[in-house]
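One-letter residues, chain by chain:
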Amino acid sequence: MRSGGIGDAVRTAPERVLRTGLLALSHRRVVGRIATGMPLTRPFVDRFVAGQTLVEALPRLRRLADAGFRTTVDLLGESVTHADAASAAADRYLETLEALAAGSLDRNVSLKLSQMGMAIDPALARANLERIVARASSLDAFVRIDMEDSSTVDATLALHRDLWASHNNVGVVIQSALRRSTADVDALITEGVRVRLCKGAYKEPASVAFPTKPEVDDSFAILMERLLGEGAYPAFATHDERLIRRAIAIARRDHVTADRFEFQMLYGVRRDLQDRLLAAGYTVRLYVPFGREWYPYFMRRLAERPANVAFLVRSVLRERRGDSA
Ligand SMILES: Cc1cc2nc3c(=O)[nH]c(=O)nc-3n(C[C@H](O)[C@H](O)[C@H](O)COP(=O)(O)OP(=O)(O)OC[C@H]3O[C@@H](n4cnc5c(N)ncnc54)[C@H](O)[C@@H]3O)c2cc1C
């Protein structure tokens, strides 16, 4: 399953070609290895990725905290193919949690089960996740399990439910693009689980997902209203101003105070909107990725907005000319 499925219905033909090409490139490990070694891409990557190492990421997290943002930290890397790599990724999450606690930073991380070894052995992924969630519990930290493509939803929710029996500091993500999500949201509300609602970043068949952007947006609005009414501190992860305005209107209408939900956005995306929401008194949590394996994540951000590619080209050309901006 490939990332970046929704929205094609409202794009121009050249945009669709560019988007498809970028998403295809995001899966090419060889291209990724070359790109990660190219210093010229660094300034633009920096906009979306908070550093290649924890040491680089920590001061950026501090700056965001000082500005009033909440954060969730994502250690870049997905779909590991060796058990050692999965355990090493879990170790790095533990190290990150310790550093966040030691630095009095927001103790909140987001992770992918494929990075924990789910595709190799679900028991391995469970063991890795449990190590992280247990340590997070003792540090009073929260762990969000990102949602990957539709083929992984059942296993992800089952693993979450398993841990939820003994830990209440772990939440999940629901994608409005999926037809099944109404039932999943209802079940999670009943269980009192913290849900992050997003549109969904994966290309899915119409049998399981709404094929057009308006349908995905409508589904988001319906699920959002449901979560605002009865959810346990839901998070609305979108840069879509129309949906954000809608959330605010529903909350006002139903007297849901601003401390009962939060907005989440990606580091470096729509910083103007992030600032405005913060200034208006809403909780804004930024999803802050760091790590050397930035290539697939970065390519997905380019694919989401073709104008980003033009921005990248301009920055690279400027740098080659020796300009400083
Ligand atoms: C905090 C967070 C966590 C997420 N977690 C998951 C997850 O676990 N699983 C999953 O499948 N997906 C996840 N996503 C991705 C999500 O599903 C969407 O693919 C992505 O957020 C784009 O959708 P949108 O809601 O912003 O709406 P869109 O309709 O795609 O975009 C709305 C507007 O936002 C702006 N925008 C969007 N993307 C960019 C960009 N890259 N650069 C510049 N402007 C942009 C544009 O102005 C655009 O018009 C997450 C997103 C966020 C913000």
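Predicted model only: the values in this text are computed from it and were never measured. By convention here, each chain's residues receive numbers from 1 onward along its written sequence. Where local features are concerned, this predicted model is filtered to residues with pLDDT of at least 70; where side-chain atom pairs are given and counted, the filter is 80 or more; whole-chain, interface and lining totals use all residues. The basis for the side-chain values is all heavy atoms of the structure; hydrogens and waters are excluded.

A. The arrangement of the overall build of the chain in detail. In this description a helix means any DSSP run of H or I spanning at least four residues, a strand means any run of E spanning at least two, and both kinds are numbered starting from the N terminus. For the chain, the count of helices and strands is 13 helices and eight strands. Only protein chains enter the calculation, and the probe is 1.4 Å; a residue is then buried if its accessible area is under 20% of its type maximum, exposed if over 50%, and partly exposed in between. Within the chain, buried positions represent 51% of all 325 residues. Contact between two residues is taken to exist if any of their heavy atoms lie within 4.5 Å; hydrogens are not considered. Considering only residue pairs separated by 6 or more positions, the chain has 72% of its internal contacts joining residues 24 or more positions apart. Per element, the accessible surface of the chain, about 14600 Å² overall, is 55% carbon and sulfur. The method behind every accessible area is Shrake-Rupley, applied with a 1.4 Å probe, and residues are considered shielded solely by the protein chains displayed.

B. Structural view of the nonpolar core. Among the nonpolar cores identified, the biggest contains 75 residues, and Leu 129, Ile 132, Val 143, Met 224, Phe 236, Phe 263 and Leu 277 are the most heavily contacted of them. Among the elements that make up this core, the one with the highest residue count is helix α5 (residues 83–102) (seven residues). Remark: nonpolar core denotes a set of buried residues (Ala, Val, Leu, Ile, Met, Phe, Trp, Tyr, Cys) joined through side-chain atoms within 4.5 Å. If you look at the next biggest cluster of nonpolar residues, it comprises 19 residues, including Phe 44, Val 49, Leu 76 and Leu 266.

C. Highlighting the pairing of strand β2 (residues 108–111). Residue alternation in β2 divides its side chains into two sets, Asn 108 and Ser 110 and Val 109 and Leu 111, and both sets are buried. Where strand β1 (residues 70–75) lies against β2, two bridges are found, and the strand directions are parallel. Bridge pairing links Val 73 to Val 109 in β2. Strands are treated as partners if at least two bridges between them are detected by DSSP. Sheet topology note: the β2/strand β3 (residues 142–145) ladder contains four bridges and is parallel. Among the inter-strand pairings, Val 109 is bridged to a residue of β3, identified as Val 143. Whether a crossover is right-handed comes down to one check: with the strands pointing away from the viewer, does the path from the first strand over the helix to the second run clockwise; if it does, it is right-handed. Following the chain from β2 across helix α6 (residues 122–138) to the adjacent parallel β3, one finds a crossover that is right-handed.

D. Structural detail: unusual backbone geometry. Despite not being glycine, Tyr 233 shows a phi value in the positive range, around 40°. For Tyr 233, the position within the fold is in the loop between α9 (213–230) and β6 (235–237). What makes Tyr 233 partly exposed here is its relative accessible area of 23%. For Arg 270, which is not a glycine, the phi torsion comes out positive at approximately 50°. Tracing the backbone through its elements, the reader meets Arg 270 in the loop between β7 (262–266) and α11 (271–279).

E. Looking closely at the sheet that holds β7. An order of β1-β2-β3-β4-β5-β6-β7-β8 is seen for the eight strands of this closed barrel, with the pairing classed as parallel. With direction set aside, neighbouring strand axes in the sheet form an average angle of 25°. Sheet topology note: the strand β5 (residues 195–198)/β6 ladder contains two bridges and is parallel. Across the sheet, Arg 196 pairs through a bridge with Ala 235, a residue of β6. Packing of helix α7 (residues 153–164) onto the sheet brings it into contact with β3 and β4 (170–175), and relative to β4 it is tilted by some 155°. Note on definitions: angles span 0 to 180 degrees between N-to-C directions of axes, and those axes are lines fitted to C-alpha atoms, for helices only across the stretch in contact.

F. A look at α6. One less than the number of residues in a helix, times 1.5 Å, gives the span that helix is expected to have. For α6, built from 17 residues, the straight-helix expectation of 24 Å at 1.5 Å per residue is met to within 8% by its first-to-last C-alpha distance of 24 Å. Along α6, the residues classified as buried are Leu 124, Ala 125, Asn 128, Leu 129, Ile 132, Val 133 and Ala 136. Mapping the buried residues of α6 onto a view down its axis gives an arc of 160°, with all of them on the same face. Summarising the contacts, the buried residues of α6 are in contact with α5, β2, β3, α7 and β4. Working note: the arc is built from the helix axis to C-beta atom directions.

G. Up close: the environment of Arg 70. Residue placement: Arg 70 occurs in strand β1. Excluding anything up to four places from it in sequence, Arg 70 contacts Asp 106, Thr 283, Val 284, Arg 285 and Leu 286. A 3.5 Å cut-off defines polar contacts: any pair of N or O atoms within that distance qualifies, except that in protein one atom must be a possible hydrogen donor and the other a possible acceptor, and neighbouring residues in sequence count only when both atoms are side-chain atoms. A distance of 2.8 Å separates the side chain of Arg 70 from the side chain of Asp 106, its partner in a polar contact.

H. Layout of the side chain of Thr 238. Within the secondary structure, Thr 238 sits in the loop between β6 and α10 (241–253). Given a relative accessible area of 6%, Thr 238 falls into the buried group. The residues touching Thr 238, leaving out its near neighbours within four places in the chain, are Lys 199, Phe 220, Ile 244, Gln 264 and Met 265.

I. View of the pairing of strand β8 (residues 284–290). In terms of burial, β8 is largely enclosed, as seven of its seven residues are buried. Residues Val 284, Leu 286, Val 288 and Phe 290 of β8 are buried on one face, and the alternating residues Arg 285, Tyr 287 and Pro 289, pointing to the opposite face, are buried as well. Sheet analysis places β1 next to β8, joined by six bridges and oriented parallel. Bridged to Leu 75 within β8 is Phe 290. Judged from the four bridges that link them, β7 and β8 form a sheet pairing that is parallel. Each residue of the ladder has a partner; that of Phe 263, found in β8, is Val 284.

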